[in-house]
Amino acid sequence: MPLADPEEFERRLLALVRDYLRNADENEIYNDGYEIPDFTVVLNIHDPPRPESALDPWDGGPKPGWGQYVAWTTTMRTDWLREATLEEALQMFRSQAGSDGLGGDGDEDADDDADDE
């Protein structure tokens, strides 16, 4: 089944990139100018259940039976650069989430450590 509204997705994606570029320019994040030779897009995909599939008794909520997946695509051609970029993005997220009070304190194994005691 194709994407429900590809034009809306493209509009939102372009708006997000434009907002980043505007913010980078207004805040002079890159003092000597910049180029963006490659980029990666990480997608949160919701997949509806097939019409013939039966829902499990515990399925509920606003979208019962829907799957949720992560996908990504990139213009990068080398594996090491893809991995380094995704690792850097995860580090930045953890740093920002911790400073915004959203939870991440940088110790993603804290729960695992408590179980070891």
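Residues numbered from 1 in each chain as written. Predicted model: local features only at pLDDT ≥ 70, side-chain atom pairs only at ≥ 80, totals over all residues. Heavy atoms only, no water.

Peer 1: So, the overall build of the chain: which residues are in play, and what are the values?
Peer 2: Each helix and strand in the chain was counted, giving three helices and two strands. Going from the N terminus to the C terminus, the chain shows its helices and strands as α-β-β-α-α. Going through the 117 residues of the chain one by one, you find that 4% of them count as buried. In the chain, the proportion of contacts linking residues at least 24 apart, taken out of those at least 6 apart, comes to 46%. Accessible surface for the chain amounts to roughly 10400 Å². Of this, 52% is attributable to carbon and sulfur atoms. (Helix = DSSP H or I, 4+ residues; strand = E, 2+ residues; numbered from the N terminus. Buried < 20%, exposed > 50% of the residue type's maximum accessible area, 1.4 Å probe, protein only. Contact = heavy atoms within 4.5 Å. Areas by Shrake-Rupley, 256 points an atom, 1.4 Å probe, with all protein chains shown as cover.)

Peer 1: Account for the packing of aromatic side chains, naming residues and giving values.
Peer 2: Here the structure, examined in full by the defined rule, presents one aromatic pair. Both rings, one in Tyr 30 and one in Tyr 34, keep their centres 4.9 Å apart while their planes meet at 50 degrees; by these two values the pair is tilted. For Tyr 34, a relative accessible area of 32% puts it in the partly exposed group. Just above the ring of Trp 66 sits the side chain of Lys 63; from NZ or CZ to the centre is 4.7 Å. (Phe/Tyr/Trp six-rings, centres within 6.5 Å; stacked < 30°, edge-to-face > 60°. Lys NZ or Arg CZ within 6 Å of the ring centre and 35° of its normal.)

Peer 1: Describe the layout of surface pockets, with residues and values.
Peer 2: To find leftover empty space, a probe the size of one water molecule is rolled over the atoms. Size it by volume and the largest pocket reaches roughly 1500 Å³. Residue lining of the largest pocket: 31 residues in total, with Leu 16, Tyr 20, Phe 39, Thr 40 and Val 41 positioned closest to the centre. Element by element, the count of residues in the lining of the largest pocket is highest for helix H1 (residues 6-26), at 10 residues. In this structure, the second largest pocket encloses a volume near 680 Å³. What lines the second largest pocket is a set of 18 residues, and nearest its centre among them are Leu 3, Ala 4, Ile 45, His 46 and Pro 48. With five residues, the top contributor of residues to the lining of the second largest pocket is strand E1 (residues 40-47). Residue composition of the lining of the second largest pocket, grouped by class: 11 nonpolar, two polar and five charged. (1 Å grid on protein atoms, 1.4 Å probe; cavity = no way out; pocket = protein on both sides within 12 Å on 5 of 7 lines; lining within 4 Å. Points joined across faces, edges and corners; volume = space filled by probe spheres on them. Nonpolar A, V, L, I, M, F, W, Y, C, P; charged D, E, K, R; others polar.)

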